[in-house]
Amino acid sequence: MPSTAPAPPIAMLAELTYRCPLSCPYCSNPVEMARKESELETATWIDVFEQAARLGVLQLHLSGGEPASRRDLVTLVAGARKAGLYTNLITSAIGLTQRRLAELDAAGLDHIQLSLQGTDADMADRIGGYQGGFARKMQAAEWIVEAGFPLTLNAVVHRQNLHQLPEAIDLAVALKARRMEVAIVQFHGWAMLNRGAMMPTRAQADEATRIVAQARKRLKGVMVIDYVPADYHSDYPKRCMGGWGSTGLNVTPDGLVLPCHAAQTIPSLEFENVHDVPLADIWYNGAAFNAYRGEDWMQAPCKTCDRRTKDFGGCRCQAMAIAGDAAATDPVCIKSPLHAKMTALAHEFAEGDTPELVYRKSP
Ligand code: SF4
Ligand code: FES
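All chains use their own residue numbering, which begins from 1 and follows the written sequence. Ligands are numbered from 1 and chains lettered from A, in the order in which they are written. Owing to the predicted nature of the model, reporting of local features is limited to residues with pLDDT of at least 70; listing and counting of side-chain atom pairs is limited to 80 or more, with chain, interface and lining totals taken over all residues.

(A) Focus on the pairing of strand β6 (residues 179-184). Exposure classification rests on a simple neighbour count of other C-beta atoms within 10 Å of a residue's own: a residue reaching 20 or more is buried, one at 12 or fewer is exposed, and one in between is partly exposed. C-beta atoms are placed from the backbone. For helices the rule is a DSSP run of H or I covering at least 4 residues; for strands it is a run of E covering at least 2, with both sets numbered from the N terminus onward. The alternating pattern of β6 places Met180, Val182 and Ile184 on a buried face and Arg179, Glu181 and Ala183 on a face that is not buried. By this definition, two strands are paired if DSSP reports at least two bridges between them. In this structure, strand β5 (residues 151-157) lies alongside β6, joined through six bridges in parallel fashion. By the bridge assignment, Val156 is partnered in β6 with Ala183. With helix α6 (residues 165-174) bridging β5 and its parallel neighbour β6, the resulting β-α-β unit is right-handed. Handedness is read with the strands pointing away from the viewer; a crossover is right-handed when the path from the first strand over the helix to the second is clockwise.

(B) Geometry of the pairing of strand β4 (residues 111-116). For β4, a buried count of five out of six residues is recorded, marking the element as mostly surrounded by other parts of the structure. Direction of pairing for strand β3 (residues 86-91) relative to β4: parallel, over a ladder of four bridges. Bridge pairing in β4 places Ile90 opposite Gln113. Regarding topology, helix α3 (residues 98-107) serves as the crossover connection from β3 to the parallel β4, and that connection is right-handed. In this sheet, β5 lies alongside β4 in parallel orientation, the contact comprising five bridges. Its bridge partner lying in β5, Gln113 is registered against Thr152.

(C) Highlighting the site of ligand 1. Any residue whose backbone-placed C-beta atom lies within 6 Å of a molecule or strand is treated as near that molecule or strand. Around ligand 1, the structure places 14 residues, and the nearest of them are Cys302, Cys305, Arg307, Arg308 and Cys333. Gly is put with the polar residues, along with every residue not named as nonpolar or charged; the nonpolar set is Ala, Val, Leu, Ile, Met, Phe, Trp, Tyr, Cys and Pro, and the charged set is Asp, Glu, Lys and Arg. Of the residues in the shell around ligand 1, the class split is six nonpolar, three polar and five charged.

Following this line, the structure appears as structure tokens:
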């Protein structure tokens, strides 16, 4: 247990379903996914939203898979809104018609985040593994803005599409997005299987940082750009999840409550289900949530590092994946004994031959 009582969470990510018409090879969903028949029922999700609001959650992110694959999406949004939550839909837009958007608006949906796999049909449909997806997405973006929703465009960039980053930024402006998230692919879930095909080169990673910095200046007052840099090429890790068990929680389609979307890759952790345990108990007392909260669990060099309250030692899942120990310093960190290994891996994956993409399979 951490030495001080945790604060309540601010945000909850509800992964409504793992079903998805797209099959992006960098999907953060687990490689082993829950089947449709084990998805939570409508009433259970709404009860979870109400529990979340009582616990202190302010923002609800409705995600998947593709959340629009749930026929009850409008009912779920209405339930979340009734519970007093700010609702954000994270979608590929496949399955969103103009009529459904109007229903979501009437149900109280606050914001939409639209994914972007590329800036033309060739790239976007190949990376998303869905023919015709790009055209439908562009149409949906127009409808979203016409309906009055604030739009954020989420662009995941990697070795195969990073050359399109300037066009992607222009596209976001043309689509009247208020915000854009440029995220260099993070290697969890399916992306772990595709490191050889998607790892950016060091030069690409540096160029992306430069392009984003310039665009931020140029677009001040027009569009905000959030940026997730290429961590394999970084010297310090990101503050993953804002710190484990500190600001957010994830609920999987079948009701497991996780401290982050990749937490199931840490084999020593056991997770509780909303069917069995109240959400507040899981947040405050769950062993998985308390495993890496605060600083008590830290080892050297994090334990005495003056950045430890800024990044909380980086990402636990990355420490597990590369160091084989979820309590190790994130190997992205220059102070980690495995930093050189991380740099060598980045180089090896970025400069080697490009293997075929392994596409995500829907359950
Ligand atoms: Fe962060 Fe740990 Fe590296 Fe310090 S040693 S910068 S706390 S990851
Ligand atoms: Fe799990 Fe970073 S993805 S802590």
